[in-house]
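Take a look at the letters that make up each chain.
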Amino acid sequence: MKKEMLLAASALACAISFGAELNVAEGETLTLREDMSVTGGSVAGTLVLENGMTLSLSDNVFASTAVVEMRGATIVGFSGTTEPTFSNVFDVAADTQNEIRNVDDSWSHEGCNVHFNGKVVGSGSLSLVSTGRGFIIGADFSAFEGELNLAMDGNYFAGRFGSSDMSKATLNIVSGLVNFSLTDIYIGHLNISEGAAFNDDRGWNDSNSVHLMGDSVLAGDLTGNEIDLFVHDGASVEIGCEVPRVYVESGSLSGNGTIGRLQTDGRDIAVENAVGSVLTVNGSWGTQGRMVVTGGTERPSGNDIVRFADASPFNVELSGELASKGWKLVFSDGTYSIWRPGFAIILR
């Protein structure tokens, strides 16, 4: 601890005197608590960025051996820099909000992308924000248990996602367009905000699979080539967009979206729509399954829940809980609705 404190004091004094370099040797640790602007140096050891501070970089000073501990900090910079690449470790502290922002340079600037490689660990929140240049994201997130927020509001090609294993993490597509071209992506929770898009540009309309391990909300769009959406581990997925194919290993569906083909392989699947949300299923994919309607009970009649172009592959039933309370299931013109008899409307 004493070595760390002395190193911090010495390094900060040097930075203040010369206003440019940040140096941390491999095996050493430096903690920054105040905002700092850096134009050179090398960080090969551990750099701790404390809560509330901003580190401004004109170039990437992180060596591949560096560990950057983010405890509520912001990293900004790279104006005029050609293709900066992060290949170090980012350790995102639990219960903290952190951000890495790239510059406002035009996307037409030569070498305009920021490459986010290396490894991300921890369980806090990390936001990557594109205001002009693109983020190319290929880091190892397999041990990350926090939230990765992508705000890709920069220009053309604002974001490309190339990390296949986020099975312990939450991926939030906050805004803009995020491209991917992977055969399989495993995500703990995927939330796409309204107006944002997760776009498959791999070039094939098969084997483009997104695997969801936990509860997710697709309020934005899954775009590009056809995507197979796999629902695992009892996840509840709200679909507000069009998904070509959905395979439910275990879990439930809801929302106002459209499913091209739904596959259950004989497994039970719940539809949990609230009043006013109608999930549309255009066709089946595979064997027959049982669909249990569990939602939409705030209004006594006329609650459309799920619509089929062809309902024959599915055995649709009302949940035992709703049936015990007097609710009924009605099928008409391809749509399943629920209602409860015994109510009357009196006009005066």
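Here, every reference points to the structure presented above.
Here goes a summary of the coordinates provided. All values derive from a computational prediction rather than experimental measurement.

Outside of glycine, negative phi angles account for most residues, and trans bonds account for most peptide bonds. Even without being glycine, D95 reaches a positive phi, approximately 60°. Tracing the backbone shows D95 in the loop between β10 (89-92) and β11 (97-101). Of note, D265 is a non-glycine position whose phi angle comes to about 50°, a positive value. Within the secondary structure, D265 sits in the loop between β28 (258-263) and β29 (268-271).

On the basis of which strands lie adjacent, the open sheet formed by 5 strands has the order β2-β5-β7-β10-β13 and parallel pairing. Two strands in the sheet have a free side with no partner beyond their single neighbour: β2 (29-32) and β13 (119-122). For this sheet the average axis-to-axis angle between neighbouring strands, irrespective of direction, equals 20°. One ladder, built from 4 bridges, connects strand β5 (residues 46-49) with strand β7 (residues 67-70); its direction is parallel. Each residue of the ladder has a partner; that of L47, found in β7, is V68.

Scanning the model with the defined rule gives 10 salt bridges in all. A salt bridge links R71 to E69; the nearest nitrogen and oxygen atoms lie 2.8 Å apart. Overall, R71 belongs to the partly exposed group, its relative accessible area being 32%. With its nearest N and O atoms 3.0 Å apart, the salt bridge here joins E99 to R101.

A separate point is the nonpolar core. In this structure, L55, F62, F116, F161, F198 and L253 are the most contacted members of the largest nonpolar core, which totals 84 residues. With 6 residues, strand β18 (residues 165-180) is the single largest residue contributor to this core.

Before going further, it helps to spend a moment on the side chain of R245. With respect to the element layout, R245 can be found in strand β26 (residues 242-248). Looking at R245, its side chain comes within polar contact range of the side chain of D228, at 2.3 Å.

Turning to the pairing of β26, a few remarks are in order. Most of β26 sits inside the fold, with 5 of its 7 residues counted as buried. For strand β24 (residues 228-231) and β26, the ladder comprises 4 bridges, and the chain directions are parallel. When the bridges of β26 are listed, V231 appears paired with V248. In this structure, β26 lies alongside β28, joined through 5 bridges in parallel fashion. Its bridge partner being in β28, E242 is matched across the sheet by T258.

Criteria and cut-off values
- Residues numbered from 1 in each chain as written.
- Predicted model: local features only at pLDDT ≥ 70, side-chain atom pairs only at ≥ 80, totals over all residues.
- Heavy atoms only, no water.
- Helix = DSSP H or I, 4+ residues; strand = E, 2+ residues; numbered from the N terminus.
- Pairing = 2+ DSSP bridges.
- Axes fitted to C-alpha atoms, helices over the stretch in contact; angles between N-to-C directions.
- Salt bridge = Lys/Arg side-chain N within 4 Å of Asp/Glu carboxyl O.
- Buried < 20%, exposed > 50% of the residue type's maximum accessible area, 1.4 Å probe, protein only.
- Core = buried A, V, L, I, M, F, W, Y, C linked by side-chain atoms within 4.5 Å.
- Polar contact = N/O pair within 3.5 Å; in protein donor to acceptor, adjacent residues only side chain to side chain.

Nothing here speaks to function; it is all geometry.
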